[in-house]
Amino acid sequence: MKNVLFFLIPSIFYVIFIIKLFELQILKGEEFSKKAIENHFYTINLKPARGNIYDRNGKILAGNIVNTKIFIVSKEKELIKEYENYIASLNGYYSDIMDYIDFSSISSRRELLKNIIFVPITSRIYPYKELTPHLIGYVNKDGIGVEGFEKVFEDSLRGKEGKIIIPVDVRMNIVDKNKIIYNFPEKGKDYKLTLDIELQMFIDSLVKNYEKSAVIVMKTNGEVLAMYSKPTYNPQIFSRGLTRAEWEYINNPDLAPLLNRAISGLYPPGSIGKVLTTLIALENGWNWKNSMPCYGYTIYGGNVFKDWTVHYHISDIKEALEVSCNVYYYTLGRFVGLVKLTNYLKKLDIFNKKFTFLPQEKISFVPDSSWYMKNYKFIPGGAALNLAIGQGELLLTPIAISMLTGAIANNGKMPYPKFYFGQIIKDTFKLQFSDSVIKTTREAMLQVVKGPRATAGYINWKLYEYGFNINVAGKTGSSENPHSKKTHSLFTLFAPYENPEFIITVVVETAGHGSDVAVPIALEILRWCLLHYYYQ
């Protein structure tokens with residue numbers, strides 16, 4: 001028994017030793033190695049410069065400014081204070097972050113500053129300030145993308161961190177500057193957007209007298225030339241910290257400046273909704289040549305449904321859209337019926353899908369019978385009539401209106417929006433209507449601008465005055481606004497009619513009729529596009 005214990009006890013200690021050795025060298029070897037290095041080296045982590053974001057012409061929308069940060073590598077308080085006083089004597093003050101001018105005053109004396117490491121650091125800058133935040137977004141104080149493009153593409157924009165590894169002694173003074181290891185950071189990926197900042201600036205000048213608006217300008221190939229939303233804000237404030245006034249402005253629930261109205265604003269489309277009704281009624285067998293009188297109202301279920309004016313006689317559906325006759329479209333609403341009308345609408349991409357990669361985007365809304373029963377406990381008798389003229393609970397975003405207009409312009413299909421070069425677009429919005437129905441609707445939208453009683457006839461004669469020999473198709477809209485007696489002003493167009501290149505949608509909140517406000521704005525945007533892209 002004694003012999004067994006004599007061999008067993010050393011064996012147990014030996015096994016314990018082996019296990020401990022395995023733990024120290026294998027399991028915790030990296031941790032202890034790191035601690036050993038830290039005792040001899042001082043490491044400075046280097047943040048990379050974010051990738052630049054350019055407009056289509058190479059102008060920087062989001063870039064970087066470079067400053068210099070001072071690292072005094074020492075544990076000796078007296079030495080640190082001595083360095084700080086010396087730098088203050090050169091610049092008149094001391095700060096550990098210097099711009100180019102301050103750094104230049106001491107760069108020639110770098111050899112005297114043996115315990116100082118100068119490190120370039122970058123800060124995000126938005127040269128066009130209030131013109132781009134709803135698409136570009138912004139970064140926070142830590143340089144991390146919080147909203148818009150900056151957030152969605154954070155991983156590729158951020159780049160890869162670097163390190164400076166500095167040999168130091170026990171007092172953490174630099175031993176030998178020649179042995180410093182520099183692992184420089186890698187700059188983030190650059191992006192070139194389809195956006196034209198000059199056009200964005202021009203749009204801003206057109207809506208300066210209006211408090212809230214949204215504008216989208218697209219090419220028929222899906223490229224977004226402009227995406228504008230107002231009220232706007234300066235994205236720079238989030239990287240430096242907000243003042244009380246800025247905080248109150250940003251959080252004002254009425255203004256909602258952070259809201260990207262172009263993709264998140266939900267509006268009754270007003271008479272632009274009649275384009276949808278035209279497509280659905282024709283697809284369900286309505287003869288486009290049907291005529292009818294208009295006395296300025298119709299009666300249904302004991303209720304009077306008014307028109308915005310008396311049109312006397314409407315010869316066909318094209319003229320009905322041209323003059324935006326409510327009475328004619330009330331009849332179409334009754335002809336199709338609520339169930340068919342809402343079923344057709346719900347099948348369209350604009351009512352069940354998002355068109356952009358921006359998380360803030362909202363999907364347009366169409367009510368149906370079940371929705372009315374759930375929310376009202378009954379189905380309003382005139383629901384189909386109101387929906388047929390684009391009023392009631394029907395809600396569209398400006399981006400959805402643009403996609404609808406683009407699909408009609410392209411004879412039934414429209415590529416999803418393209419925001420940057422290199423973006424792969426696989427999805428296409430397709431109108432589920434026959435070619436003849438789309439053709440008739442397309443012709444009706446031409447009459448809205450060019451017909452003898454056109455509600456957007458201002459565009460036709462103004463283009464002639466400007467010397468442009470092109471045809472334009474579109475649709476005006478004036479939608480009800482529960483917060484004001486004034487309606488929202490809307491207009492959407494595509495041009496040139498024969499070979500479309502541009503789609504423009506304008507929404508101006510609480511501004512009046514579409515023909516009075518949105519139409520002139522859209523005209524000037526079209527004129528700008530023609531001069532800069534079409535006649536080049």
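This one's a predicted model, so the numbers in the text were calculated from it and none came from an experiment. (Residues numbered from 1 in each chain as written. Predicted model: local features only at pLDDT ≥ 70, side-chain atom pairs only at ≥ 80, totals over all residues. Heavy atoms only, no water.)

Description of the side chain of Glu 361
Reasoning step 1: With respect to the helices and strands, Glu 361 occurs in the loop between α15 (338–346) and α16 (369–376).
Reasoning step 2: Look at Glu 361: it is buried, it has no salt bridge, and the nearest opposite charge is Lys 354 at 6.2 Å.
Reasoning step 3: From its side chain, Glu 361 meets the backbone nitrogen of Phe 355 in a polar contact 2.8 Å long.
Reasoning step 4: In this structure the side chain of Glu 361 is engaged in a polar contact, spanning 2.7 Å, whose partner is the side chain of Thr 356.
Reasoning step 5: Non-local contacts of Glu 361, meaning those with residues more than four positions away in its chain, are made with Ile 263, Ser 264, Lys 354, Phe 355, Thr 356 and Ile 399. (Helix = DSSP H or I, 4+ residues; strand = E, 2+ residues; numbered from the N terminus. Buried < 20%, exposed > 50% of the residue type's maximum accessible area, 1.4 Å probe, protein only. Lys, Arg positive; Asp, Glu negative; His and termini not counted. Salt bridge = Lys/Arg side-chain N within 4 Å of Asp/Glu carboxyl O. Polar contact = N/O pair within 3.5 Å; in protein donor to acceptor, adjacent residues only side chain to side chain. Contact = heavy atoms within 4.5 Å.)

Overview of the sheet that holds strand β21 (residues 502–508)
Reasoning step 1: Here five strands make up an open sheet; going across it, the order is β12-β11-β21-β20-β19 and the pairing antiparallel. Since the sheet does not close on itself, it has two edges, and those belong to β12 (224–230) and β19 (473–479), each with one partner. Neighbouring strand axes in the sheet, compared pairwise and without regard to direction, differ in orientation by 5° on average.
Reasoning step 2: Relative to strand β20 (residues 488–495), β19 runs antiparallel, the two being bridged by seven bridges. Directly across from Ala 473, in β20, lies its bridge partner Phe 494. (Pairing = 2+ DSSP bridges. Axes fitted to C-alpha atoms, helices over the stretch in contact; angles between N-to-C directions.)

Things to note about the pairing of strand β8 (residues 162–167)
Reasoning step 1: Looking at chain direction, strand β1 (residues 41–46) and β8 are connected through six bridges and run antiparallel. Across the sheet, residue Asn 45 finds its bridge partner in β8, namely Lys 163.
Reasoning step 2: Pairing between β8 and strand β9 (residues 181–183): three bridges, direction antiparallel. By the bridge assignment for β9, Ile 164 is matched with Tyr 182.

Some details on α15
Reasoning step 1: Three or more residues of α15 are buried, namely Leu 338, Leu 341, Thr 342 and Leu 345. Down the axis of α15, the smallest arc covering the buried residues is 90°, so these residues share one side.
Reasoning step 2: The elements touched by buried residues of α15 are α12 (273–283), α14 (326–336), α16 and α17 (383–388). (Arc of directions from axis to C-beta.)

A few points about the state of the cysteines
Reasoning step 1: Summed over the entire model, instances satisfying the criterion amount to zero disulfides.
Reasoning step 2: In this model Cys 294 remains outside any disulfide bridge; the closest cysteine sulfur is found in Cys 325, 3.7 Å from its own.
Reasoning step 3: When its relative accessible area of 0% is taken as the criterion, Cys 325 is described as buried. (Disulfide = S-S within 2.5 Å.)

Notes on the nonpolar core
Reasoning step 1: With 129 residues, the main nonpolar core has Val 217, Tyr 328, Ile 350 and Ile 525 as its most contacted residues.
Reasoning step 2: What Ile 350 contacts, discounting residues up to four positions off in sequence, is Leu 276, Phe 355, Ile 363, Ser 364, Leu 396, Ala 400, Met 403 and Phe 429. (Core = buried A, V, L, I, M, F, W, Y, C linked by side-chain atoms within 4.5 Å.)

Description of the sheet that holds β1
Reasoning step 1: Read across the open sheet, the three strands follow the order β1-β8-β9; overall the sheet is antiparallel. Single-partner strands in this sheet number two, and they are β1 and β9. Neighbour-to-neighbour, the strand axes of the sheet open up by a mean angle of 15°, direction not taken into account.

Observations regarding α14
Reasoning step 1: Here α14 lies mainly inside the structure; eight of its eleven residues are buried.
Reasoning step 2: Within α14 the residues assigned to the buried category are Asn 326, Val 327, Tyr 328, Tyr 329, Tyr 330, Leu 332, Gly 333 and Val 336.
Reasoning step 3: Immediately downstream of α14, the backbone of Gly 337 shows phi near 90°, a positive value.

Examining unusual backbone geometry
Reasoning step 1: The peptide bond linking Lys 230 to Pro 231 adopts the cis configuration, its omega dihedral lying at 10°.
Reasoning step 2: Inspection of the secondary structure assignment puts Pro 231 in the loop between β12 and α9 (237–240).
Reasoning step 3: Here the bond from Ala 495 into Pro 496 is cis, since omega is -15°, no more than 30 degrees from zero.
Reasoning step 4: Of note in this structure, Ala 256 is not a glycine but carries a positive phi near 45°.

A word on the packing of helix α20 (residues 457–466) against helix α21 (residues 518–534)
Reasoning step 1: In contact at an axis separation of 10 Å, α20 and α21 are set at 35° when each is read in the N-to-C sense. Our pair here, α20 against α21, has a crossing hand that is right-handed. In this structure, α20 uses Tyr 458, Ile 459, Lys 462, Leu 463 and Tyr 466 to contact α21, whose residues at the interface are Val 519, Pro 520, Leu 523, Glu 524, Leu 526, Arg 527 and Leu 530. (Left-handed = near helix turned anticlockwise from the far one by under 90°.)

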